[in-house]
Amino acid sequence: MRPLQLLTILETEFESVQHGQHTPVMLWGPPGVGKSQIVAQIAARHEVPVIDIRLSQMEPTDLRGIPFRTGDSVEWAVPAMLPDSERHGEKGILFLDEITSVPPSVSAAAYQLILDRRLGAYEVPEGWAIFAAGNRQGDRGVTYSMPAPLANRFSHYELDVNLDDWVAWAYANGIDERLIAFLRFRPELLFEFDPAHNPVAFPSPRSWEFAHRALQKFGSNSAVLVEALQACVGPAAGIELHAFVDNLDKLPDIDAITRGEKVGVPKETDLQYAVASALVGRAIRVRDDEDAEKIFGNIIDYAGFFPQREMGVMLISDMHRAIGQDLFQVPQFSRWAKAVADVMLFDM
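Named according to an unreviewed UniProt entry, the protein is MoxR-like ATPase originating from Thiogranum longum.

This is the structure in structure tokens:
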């Protein structure tokens, strides 16, 4: 399932808690594809806390609590990490990450918590959703086969990587436009993981964010930049990104394009991707300026100059995802849309 679709699922599941319709959700996927980050996005949208419990680091008594004697009876001290309305708020997300790394003795202790929303005398507050995530058994993580009684307490979704969804996230979160352009140029490198070879560093949505940080930290130090990139995304992908970034000194004048001046389109495909990403980034930065519509129009005009019209469609599609419906009000948009109507394969 695409990340944007999964966001919709989790959004609905979170809201359904208020109506008593919530089903605990289990997210499956390989390492580094953004399972935890999607849960964090839902919490940020609703301004609620996430309590991230790593059951893999616990003993059964850590979850159940410690017994203590009161008179002739034994009661259980509820762990302070579990959601509490007074301490944590009436709404939130209980996130059981790395649940597939939990030994059976601990997962058995979680059965009642997940399905019945209680553990002995403790009850999960009514406004709290329960999400969990874990790697698949073939991903070379420390995983156990999920017991059937535990699996049957969740609805299950497998997260796939999707370049368009990642690009939309990257623009919204200020990821380096050079890196976005590179992955548009080499989309197969967004996620490349071969568990048979057990790589230490490999390309994934998570590690490309690390590469973005490396570009900011080491971009002015060419002597160590390539090693820093390789440390994030692996040897092959790191070398390719470094070569791509080095070639960007041939990039056309982005300021001139946004001013509406006549600027030629580069012949090299990698530079075309770089121009497109730079223009989307510029559109995002000026969207609140007085002359934003004029700049949008100049970018749309430039999109029509690409020899391959699909490249222009990609540029405008990314702009639309970043800017929204305001793009349709730009006078040049309707003219451009008519010119590329036969190759528009996306839903505006």
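Student: Describe in detail the sheet that holds strand 8 (residues 127-134), supporting the description with residues and values.
Tutor: The five strands are arranged 2-5-8-1-9 in an open sheet whose pairing can be described as parallel. The open sheet terminates on both sides in strands that have one partner only, identified here as strand 2 (50-54) and strand 9 (155-158). Here the strands of the sheet are splayed against their neighbours by 20° on average, with no regard to which way each runs. As defined by bridge partners, strand 2 adjoins strand 5 (residues 91-97) across five bridges and the pair is classed as parallel. Paired with Arg54 across the two strands is Asp97, which belongs to strand 5.

Student: Residue-level account of the packing of helix 13 (residues 269-286) against helix 15 (residues 309-323), with values.
Tutor: Contact geometry for helix 13 and helix 15: axes closest at 9 Å, N-to-C directions at 25°. By the angle class used here, helix 13 and helix 15 are roughly parallel. In this structure, the crossing between helix 13 and helix 15 has a hand that is right-handed. Here helix 13 contributes Thr269, Gln272, Tyr273, Ala276, Leu279, Val280, Ala283 and Ile284 to the contact with helix 15, which in turn contributes Met311, Met314, Leu315, Asp318, Met319, Ala322 and Ile323. In terms of residue class, the contact of helix 13 with helix 15 is built from twelve nonpolar, two polar and one charged.

Student: Residue-level account of the pairing of strand 1 (residues 25-28), with values.
Tutor: Looking down a regular strand, the side chains alternate between one sheet face and the other. What you see with strand 1 is no split at all: Val25 and Leu27 on one side and Met26 and Trp28 on the other are buried throughout. Inspection of the sheet shows strand 1 paired to strand 8 by four bridges, in the parallel sense. Looking at the pairing, Leu27 lines up with Ala133 of strand 8. Where strand 1 and strand 9 come together, four bridges link them in parallel fashion. In the sheet register, Trp28 faces strand 9, and the bridge partner there is Glu158.

Student: Explain the pattern of salt bridges to me, and be specific about the residues and the numbers.
Tutor: In the structure shown here, the tally under the stated rule is 18 salt bridges. A salt bridge links Arg321 to Asp318; its shortest N-O distance comes to 3.0 Å. Here the residue Arg321 and the residue Asp318 both occupy positions in helix 15, the gap between them amounting to three residues, near one helical turn. Sharing partners across several salt bridges, the network here consists of Asp52, Arg54, Asp97 and Glu98.

Student: Now, about the domain arrangement of the protein: what can you tell me, with residues and values included?
Tutor: Taken domain by domain, the protein consists of domain 1 (3-158) and domain 2 (163-345). Taking the mean C-alpha position of each, domain 1 and domain 2 sit 37 Å from one another. The partner domain 2 presents twelve residues to the eleven residues of domain 1 that form the contact. Taken together, the two surfaces of domain 1 and domain 2 that pack against each other cover about 940 Å², and 57% of this comes from carbon and sulfur. On inspection of domain 1 and its partner domain 2, the count reaches zero salt bridges. In this structure, the connection of domain 1 to domain 2 is made through two residue pairs in polar contact (both at pLDDT 80 or more). Elements with a minimum of two residues in the side of domain 1 that touches domain 2: helix 1 (3-16) and helix 2 (35-46). Of the residues contributing to the side of domain 1 that touches domain 2, the split by class is five nonpolar, four polar and two charged.

Student: Which residues make up the environment of Ser222, and what are the values?
Tutor: Tracing the backbone shows Ser222 in helix 10 (residues 222-233). With 142 residues separating them along the chain, Ser222 and Ala80 place their C-alpha atoms 49 Å apart.

Student: Run through helix 2, naming residues and quoting values.
Tutor: An ideal rise of 1.5 Å per residue puts 16 Å on twelve residues; helix 2 measures up with 18 Å between its terminal C-alpha atoms. Those residues of helix 2 lying buried are Lys35, Ile38, Val39, Ile42 and Ala43. Along the axis of helix 2, the buried positions cluster into a sector of 140°, meaning they face one direction only. For helix 2, exposure combined with an orientation more than 90 degrees from the buried face picks out Ala44 and Arg45. In the core, the buried residues of helix 2 are packed alongside helix 1, strand 1, strand 2, strand 5 and strand 8.

Student: Lay out helix 7 (residues 163-172) in plain terms, naming residues and giving numbers.
Tutor: In terms of burial, helix 7 is largely enclosed, as seven of its ten residues are buried. Of the residues making up helix 7, those classed as buried are Leu163, Asp165, Trp166, Val167, Trp169, Ala170 and Tyr171. Check the buried side of helix 7 and you find it contacts helix 1, helix 2, helix 8 (177-185), helix 9 (205-218), helix 13 and helix 15. Of the residues that open helix 7, the one with a side-chain oxygen 3.2 Å from the backbone nitrogen of Asp164 is Asn162. Trailing helix 7 by a residue or two, Gly174 shows a phi angle of about 70°, which is positive.

About the criteria used
- Residues numbered from 1 in each chain as written.
- Predicted model: local features only at pLDDT ≥ 70, side-chain atom pairs only at ≥ 80, totals over all residues.
- Heavy atoms only, no water.
- Pairing = 2+ DSSP bridges.
- Helix = DSSP H or I, 4+ residues; strand = E, 2+ residues; numbered from the N terminus.
- Axes fitted to C-alpha atoms, helices over the stretch in contact; angles between N-to-C directions.
- Parallel < 35°, antiparallel > 145°, perpendicular 65-115°, else oblique.
- Left-handed = near helix turned anticlockwise from the far one by under 90°.
- Contact = heavy atoms within 4.5 Å.
- Nonpolar A, V, L, I, M, F, W, Y, C, P; charged D, E, K, R; others polar.
- Buried < 20%, exposed > 50% of the residue type's maximum accessible area, 1.4 Å probe, protein only.
- Salt bridge = Lys/Arg side-chain N within 4 Å of Asp/Glu carboxyl O.
- Domains from an automatic or database assignment.
- Buried area = accessible area lost by both parts, 1.4 Å probe.
- Polar contact = N/O pair within 3.5 Å; in protein donor to acceptor, adjacent residues only side chain to side chain.
- Expected span 1.5 Å × (residues − 1).
- Arc of directions from axis to C-beta.

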